[in-house]
Amino acid sequence: MSEKVTSVRKRIFLSNTVMVLTTLVLFLAINLVIVKMYAESVEEELFLSVQNTENIEQEGGLDEILEGWTIHREQFFLYFGLDGLLCIGVLLLVSQIFTGRLTAHIMEPLDALGEGAGRIQENDLTTPVVCKGDLEFQNVCASFNDMQIHLLEEREKNRKYEKARTDMIAGISHDLRTPLTAIRGSVKGVLDGVAATPQLQEKFLQAAYKRTEDMDGLLNQLFYLSRMESGNVPLELKKTELNSWLENYVEEKRTVLQPEAAVLETRLLEKEIWVYIDQVQFTRVIDNLIGNSLKYAEVSPVRIEIAVTRTKGGICLCVRDNGVGIEKEKLPNVFEEFYRGDESRNKKEGNGLGLYIVKYLVQAMGGNVRAESDEGFQVLIDLPLSKA
């Protein structure tokens, strides 16, 4: 059976009440004993006085008897003083006992909290504070444990963040070294006369130019990331009819995609769908999703479908491809900063920022994002409908 939990206020009230009642009972017992002793003394002296009544004249008369009673009155004051001293002593003793018990009970959770604070100073955030005290202390201990869990989560988050930063530096070094090496090789080939014909020179220069575009894209992503994390990407949410916006987007996107490399399809709703989005930033969201499919699908051509469906209270926008997908155990990590499913970095190009930026922007617009891998990779974006 679980121990009944009470409050500190109630415990102090009960402790004081029991202490007062205990003291009164002891006072009563002491006074009864003193009164009994005094009564026996009076009875004895009264008995002696009655026995000696016939000898009043011989023993000095009534004055001598009154003198004896005067002496007994002094004895009464002695008993009264003794009674007072005993009551004061009992009061102090009972108060000391109850105060000690109450203090020990209150100090137990405080000591536990002090030990917990000491463990935190020693960087131990895994041992919770066990508190069996009153309700207020249990609430404080629960809040202390919640704070400890939060600190542990923040420490783990910072550890992952620092690891991601380290991986990012290594990854950027690799991603920059590869195009720089290709550019240097192309330029050196032209300078050394390897590209002797105008056609070869153009091919070498086109390869170098393509690599500069890759480097520019990486630097743009990093610059945008730094703006995001510093809060310098303000959103201008506008009421937008999503179907028509997507149709215009897809029409423009098809003009820049090579048909042999990618096929872009849509499956939209017939009714109008109004949402609040930042159109510029939402363009970046869809661009990143399409770019992610182009990099990691590993099929040719890549078939990318943008589909919109109604959900309870909103809509779901799905961007899916017909690629190889991703392992199930890696799905929870795809939206992490600098995460890349291909740890070797040799097979696929990318910097692990695209999906992180997607998640950041979608959540900033009041939506949610998740990923699935079923006959290809798909990202689902949940957005609330705009209110009339």
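Computed from a prediction, not measured in an experiment: that's the story for all the values here.

(A) Molecular detail of the overall build of the protein chain. Within the protein chain, the secondary structure is distributed over 7 helices and 7 strands. Walking the protein chain from its N terminus toward its C terminus, one meets helices and strands in the order α-α-α-α-β-α-β-β-α-β-β-α-β-β. Split into buried and exposed, the 388 residues of the protein chain put 34% on the buried side. Contacts spanning at least 24 positions in sequence make up 71% of the contacts within the protein chain whose residues lie at least 6 apart. When the accessible area of the protein chain is evaluated, it comes to approximately 24,700 Å², of which 59% is carbon and sulfur surface.

(B) Representation of the packing of helix H6 (residues 279–296) against helix H7 (residues 354–364) in the model. The N-to-C vectors of H6 and H7 enclose an angle of 150 degrees; their axes lie 9 Å apart at closest approach. Here H6 is positioned roughly antiparallel relative to H7, judged by the angle of their axes. Along this stretch, H6 crosses H7, giving a crossing that reads as left-handed. Every residue of H7 that contacts H6 at Gln 281, Arg 284, Val 285, Asn 288, Leu 289 and Asn 292 is listed here: Gly 354, Leu 355, Ile 357, Val 358, Leu 361 and Val 362. Of the residues belonging to the contact of H6 with H7, the class tally is 7 nonpolar, 4 polar and 1 charged.

(C) A look at the pairing of strand E4 (residues 302–311). Two strands pair when backbone bridges link them, and strand E2 (residues 262–267) and E4 are joined in this way by 6 bridges, in the parallel orientation. By the bridge assignment for E4, Val 263 is matched with Arg 303. By the bridge criterion, 8 bridges tie E4 to strand E5 (residues 314–321) in an arrangement that is antiparallel. Note on E5: the bridge partner recorded for Arg 310 is Ile 315.

(D) Local environment of the pattern of salt bridges. This model, assessed by the stated rule, comprises 9 salt bridges. The salt bridge involving Lys 253 is made with Asp 287; its shortest N-O contact spans 3.1 Å. Of the two residues, Lys 253 sits in helix H5 (residues 242–256) while Asp 287 sits in helix H6, which places them 34 residues apart along the sequence. Of the residues examined, Asp 287 reaches a relative accessible area of 28% and is grouped as partly exposed. Across the salt bridge formed by Arg 303 and Glu 265, the nearest N and O atoms sit 2.3 Å from each other. Taken together, the residues Arg 303 in strand E4 and Glu 265 in strand E2 connect sequence positions 38 residues apart. Of the residues examined, Arg 303 reaches a relative accessible area of 41% and is grouped as partly exposed. Residues joined by salt bridges that share partners form a network here, namely Arg 267, Glu 305 and Arg 320.

(E) A look at the packing of H5 against H6. Put simply, H5 and H6 touch, their axes get as near as 12 Å, and they point 55 degrees apart. Compared by their axis directions, H5 and H6 come out oblique. For the pair H5 and H6, the sense of crossing is right-handed. Listed contacts from H6 to Leu 242, Trp 245, Tyr 249 and Lys 253 of H5 are Gln 279, Phe 282, Thr 283, Ile 286, Asp 287 and Ile 290. Looking at the contact of H5 with H6 residue by residue, the classes come out as 6 nonpolar, 2 polar and 2 charged.

(F) Molecular detail of the sheet that holds strand E7 (residues 377–384). On the basis of which strands lie adjacent, the open sheet formed by 5 strands has the order E2-E4-E5-E7-E6 and mixed pairing. The sheet terminates laterally at E2 and strand E6 (368–373), the two strands that pair on one side only. The mean inter-strand angle of the sheet, taken between neighbouring strand axes irrespective of direction, is 15 degrees. As defined by bridge partners, E5 adjoins E7 across 7 bridges and the pair is classed as antiparallel. What sits directly across from Leu 317, in E7, is Ile 381. Taken strand by strand, H7 contacts E6 and E7, and its axis lies near 140 degrees from that of E6.

(G) Main features of the nonpolar core. The biggest cluster of nonpolar side chains holds 50 residues, and the ones touching the most others in it are Leu 242, Phe 282, Ile 286, Leu 317 and Ile 381. No other element matches H7, which puts 6 residues into this core. Residues within four places of Ile 286 in sequence aside, it is in contact with Trp 245, Tyr 249, Ile 306 and Leu 317.

(H) Focus on the environment of Met 19. Its place among the elements puts Met 19 in helix H1 (residues 8–51). By relative accessible area, which is 18% here, Met 19 ends up buried. Counting along the chain gives 80 residues from Met 19 to Thr 99, while the straight-line C-alpha distance between them is 9.2 Å. If near-sequence neighbours (up to four positions away) are discounted, Met 19 is found in contact with Val 94, Ser 95 and Phe 98.

Parameters and conventions
- Residues numbered from 1 in each chain as written.
- Predicted model: local features only at pLDDT ≥ 70, side-chain atom pairs only at ≥ 80, totals over all residues.
- Heavy atoms only, no water.
- Helix = DSSP H or I, 4+ residues; strand = E, 2+ residues; numbered from the N terminus.
- Buried < 20%, exposed > 50% of the residue type's maximum accessible area, 1.4 Å probe, protein only.
- Contact = heavy atoms within 4.5 Å.
- Areas by Shrake-Rupley, 256 points an atom, 1.4 Å probe, with all protein chains shown as cover.
- Axes fitted to C-alpha atoms, helices over the stretch in contact; angles between N-to-C directions.
- Parallel < 35°, antiparallel > 145°, perpendicular 65-115°, else oblique.
- Left-handed = near helix turned anticlockwise from the far one by under 90°.
- Nonpolar A, V, L, I, M, F, W, Y, C, P; charged D, E, K, R; others polar.
- Pairing = 2+ DSSP bridges.
- Salt bridge = Lys/Arg side-chain N within 4 Å of Asp/Glu carboxyl O.
- Core = buried A, V, L, I, M, F, W, Y, C linked by side-chain atoms within 4.5 Å.

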